[in-house]
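# Notes for the structure review
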Amino acid sequence: MSSFQGKTEVLVDEARNMVRYVLDENLIDFGSALEEQDYDRCSSAPAGFTMHLLHILCIGLIKSTS
């Protein structure tokens, strides 16, 4: 596992393959804040993150209505 510029990279052993996943720490923190109902922390998301989140939510809505 390594971290660089707000991203965490993990290696996962999936049966016969090692798979690399990049996790967005801002998204993880935002999700944790939502679960904890810490809306002040949610509203202090970094600039640009809100648009990224809206994009993810819109894709989810499109897939769920298809």
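Residues numbered from 1 in each chain as written. Predicted model: local features only at pLDDT ≥ 70, side-chain atom pairs only at ≥ 80, totals over all residues. Heavy atoms only, no water.

### A word on the overall build of the protein chain
From N to C terminus, the protein chain includes 3 helices and 3 strands. Mapped from its N terminus to its C terminus, the protein chain presents α and β elements in the order β-β-β-α-α-α. Buried residues in the protein chain amount to 12% of all 66 residues. Within the protein chain, contacts between residues separated by at least 24 positions form 6% of all contacts whose residues are at least 6 apart in sequence. Within the structure as shown, the protein chain displays about 5500 Å² of accessible surface, and the carbon and sulfur contribution to it stands at 58%. (Helix = DSSP H or I, 4+ residues; strand = E, 2+ residues; numbered from the N terminus. Buried < 20%, exposed > 50% of the residue type's maximum accessible area, 1.4 Å probe, protein only. Contact = heavy atoms within 4.5 Å. Areas by Shrake-Rupley, 256 points an atom, 1.4 Å probe, with all protein chains shown as cover.)

### Overview of the pairing of strand β2 (residues 7-14)
It is a general feature of regular strands that their side chains alternate between the two faces of the sheet. Of the pairings in the sheet, the one linking β2 to strand β3 (residues 17-24) comprises 8 bridges and is antiparallel in character. Bridge pairing in β3 places glutamate 14 opposite asparagine 17. What sits between the antiparallel neighbours β2 and β3 is a turn of 2 residues, in which alanine 15 has the positive phi angle 55°. (Pairing = 2+ DSSP bridges.)

### Re a nonpolar patch on the surface
The grouping of Val12, Tyr21, Leu23 and Ile28 at the surface amounts to a nonpolar patch, some 300 Å² of accessible area in total. On the secondary structure map, isoleucine 28 appears in helix α1 (residues 25-35). Residue class for isoleucine 28 comes out partly exposed when judged on its relative accessible area of 46%. (Patch = residues over 30% accessible without salt bridge, like charges linked within 9 Å, V, L, I, M, F, W, Y side chains within 5 Å. Salt bridge = Lys/Arg side-chain N within 4 Å of Asp/Glu carboxyl O.)

### Comments concerning the pattern of salt bridges
Tallied over the full model, the rule gives 4 salt bridges. Across the pair aspartate 29 and arginine 41 runs a salt bridge, and its minimum N-O distance is 3.3 Å. Of this pair, aspartate 29 sits in helix α1 while arginine 41 sits in helix α2 (residues 39-43), and the two are 12 residues apart along the sequence. According to the relative accessible area criterion, aspartate 29 is partly exposed, its value standing at 37%. Ionic pairing is found between arginine 41 and glutamate 36, a salt bridge with its closest N-O pair at 3.1 Å. The class of arginine 41 is partly exposed, set by a relative accessible area of 26%. Salt bridges sharing common partners tie together Asp29, Glu36, Asp38 and Arg41.

### Concerning the confidence of the model for the protein chain
Here the protein chain averages 76 in pLDDT, and 65% of its residues register 70 or above. At the low end of the mean pLDDT range in the protein chain sits strand β1 (residues 2-4), at 63; at the high end sits β3, at 87. (pLDDT = per-residue confidence, 0-100.)

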